[in-house]
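# Survey of secondary and tertiary structure
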Amino acid sequence: LADVAEGQNMSTETRLQCASIGKLITAVAALQLVEKELITLDEPVNPHLKGWKVPDNALTEKQPVTLRHLLSHSAGLTDEYGFSGYMPGKPLPTLVQALSGQKPAITTKKLEIKHLPGTREQYSGGGYLIVQLLIQSLSGMPFADYVQAHIFDVLGMRHSSYHKEPEVSNIAYASAHDRKGKTLKGSYRVFPEQAAAGPWTTAADLCRLLTGMQESYQGKATQLLGQELMQECMTR
């Protein structure tokens, strides 16, 4: 069921929120910019970020934060952010407000580097917000538009998007349900933290993403990403 309270059935075109599975999409998008030589995996990201910078301290002076660090949760951030989302119709923070912990953002921890980048792995949703800003800064496009053009359209993922409020666009979507199986108040949540938690998609479209990644890894198809970088992506 797409909605228990309404008795609404799922279909193959019913979109679901896929939360942190979306980080996979973000990683591919970021590596496309590496392939275009707009940035490397191992150079500092701060010179490329527009509107916000990773706060420098003694640790970043020794080792600046790189894209490789951010994608692998090894930038030294300790926020451990997952994102609970915003009720539909409520004010949403800008990306910079979310990064800075400023209202109306509901995330309040400051993003600080507390371990030497590259020395330990610790989950960081905040790190993927930095990647979102990096993709926007390098591409000159809103994150959602970049992913639509360079991943969803390329792979034929016709039922995937970053629509914030799907009913406005008459998109068939599944409601969220709590641990007891009841429809969540407000039906779903809105995630301005798109790179970390924002996509709406279907099971079939996720299969298209994974198949595209596998084919790139094997060198059978490189329209998504070249074999060398895709193998780098999938190497521990």
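For every chain, the first residue of the written sequence is number 1, and numbering continues from 1 along that sequence. Local features in this predicted model are restricted to residues whose pLDDT is 70 or higher, and side-chain atom pairs enter the listing and the counts only when it is 80 or higher, whereas totals over whole chains, interfaces and linings include all residues. Excluding hydrogens and water, the side-chain figures rest on all heavy atoms present in the structure.

### A word on the environment of Gly 125
Inclusion rule: Each helix is a run of H or I in the DSSP string that is no shorter than four residues. Each strand is a run of E no shorter than two, and both are numbered from the N terminus. The contact criterion used is simple: two residues touch if any of their non-hydrogen atoms lie within 4.5 Å.
With respect to the helices, strands and loops of the structure, Gly 125 is situated in helix 5 (residues 125–139). Sequence separation between Gly 125 and Ala 195 is 70 residues; the distance between their C-alpha atoms is 9.0 Å. In this structure Gly 125 touches Lys 23, Asp 79, Tyr 81, Phe 83 and Ala 196, once residues within four positions along its chain are discounted.

### Points about the confidence of the model for the protein chain
For clarity, the threshold we go by: Values of pLDDT, which run from 0 to 100, indicate the predictor's confidence residue by residue.
Looking at the protein chain as a whole, the pLDDT averages 94, with 100% of positions reaching at least 70. Between the elements of the protein chain, mean pLDDT differs from a low of 93, seen in helix 4 (residues 95–100), to a high of 98, seen in helix 3 (residues 67–71).

### What to know about empty space enclosed by the protein
Applied cut-off: For each structure, a 1 Å grid was placed over the protein atoms alone; sets of points admitting a 1.4 Å probe that cannot get out are labelled cavities, open sets with protein on both sides within 12 Å along at least five of seven lines are labelled pockets, and lining residues have an atom within 4 Å of a point. Grid points are joined across faces, edges and corners, and a volume is the space filled by probe spheres set on the points. In the scheme used here, Gly and all other residues not listed as nonpolar or charged are polar, with Ala, Val, Leu, Ile, Met, Phe, Trp, Tyr, Cys and Pro taken as nonpolar and Asp, Glu, Lys and Arg as charged.
Within this structure, the stated rule accounts for two cavities of 30 Å³ or more. A volume near 50 Å³ is recorded for the largest cavity. Residue lining of the largest cavity: Gln 17, Tyr 162, His 163, Lys 164, Arg 189, Val 190, Phe 191, Gln 194, Gly 198 and Trp 200, and that is the complete set. Of the residues that constitute the lining of the largest cavity, the class distribution is four nonpolar, four polar and two charged.

### Overview of the environment of Ala 204
What counts here: Any residue under 20% of the maximum accessible area for its type is buried, any over 50% is exposed, and the rest in between are partly exposed; the area is computed with a 1.4 Å probe on protein chains only.
Here Ala 204 lies in helix 8 (residues 203–217). Owing to a relative accessible area of 36%, Ala 204 belongs among the partly exposed residues under this scheme. With 47 residues separating them in the primary sequence, Ala 204 and Met 157 have C-alpha atoms 8.3 Å apart.

### A word on the pattern of salt bridges
Let me state the cut-off plainly: The term salt bridge refers to a side-chain nitrogen of Lys or Arg lying within 4 Å of a carboxyl oxygen of Asp or Glu.
A full pass over the atoms with the stated rule returns three salt bridges. For Arg 68, the salt bridge is made with Asp 42, and the minimal N-O distance between the two is 2.6 Å. Taken together, the positions of Arg 68 in helix 3 and Asp 42 in the loop between helix 1 (22–35) and helix 2 (58–62) put the pair 26 residues apart, joining distant regions of the chain. Between Asp 205 and Arg 208 there is a salt bridge, with the nearest N and O atoms lying 2.7 Å from each other.

### A closer look at the packing of aromatic side chains
Cut-off, in case you're wondering: Centre distance within 6.5 Å is the pairing criterion for rings of Phe, Tyr and Trp, where only the six-membered ring of Trp is used; planes under 30 degrees apart are then read as stacked, over 60 as edge-to-face, and the remainder as tilted. Only Lys NZ and Arg CZ are tested; either one counts as a charge over a ring when it is within 6 Å of the ring centre and within 35 degrees of the ring normal.
Taken as a whole and judged by the stated rule, the model has six aromatic pairs. Consider the rings of Phe 143 and Tyr 162, whose centres lie 5.4 Å apart with planes at 75°: the pair is edge-to-face. Of this pair, Phe 143 sits in helix 6 (residues 143–155) while Tyr 162 sits in the loop between helix 6 and helix 7 (194–197), and the two are 19 residues apart along the sequence. With respect to burial, Phe 143 and Tyr 162 carry one shared label: buried. Aromatic side chains Tyr 188 and Trp 200 sit 5.6 Å apart centroid to centroid with 75° between the ring planes, which places their arrangement in the edge-to-face category. Of this pair, Tyr 188 sits in the loop between helix 6 and helix 7 while Trp 200 sits in strand 2 (residues 200–201), and the two are twelve residues apart along the sequence. Both residues of the pair, Tyr 188 and Trp 200, belong to the buried class. An aromatic cluster is built from Phe 143, Phe 152 and Tyr 162, whose rings are joined through pairwise contacts. When the ring centre of Tyr 128 is taken as origin, the NZ or CZ atom of Lys 23, which lies over that ring, is 5.8 Å away.

### A short note on helix 5
It helps to recall that an α-helix has 3.6 residues per turn; residues three or four apart then point in one direction. Operational definition: To estimate how far a helix should reach, multiply one less than its number of residues by 1.5 Å.
With 15 residues, helix 5 should cover 21 Å at 1.5 Å per step; its first-to-last C-alpha distance of 21 Å lies within 8% of that length. Most of helix 5 sits inside the fold, with 13 of its 15 residues counted as buried. Directly after helix 5, the chain includes Gly 140, whose backbone phi takes a positive value near 75°.

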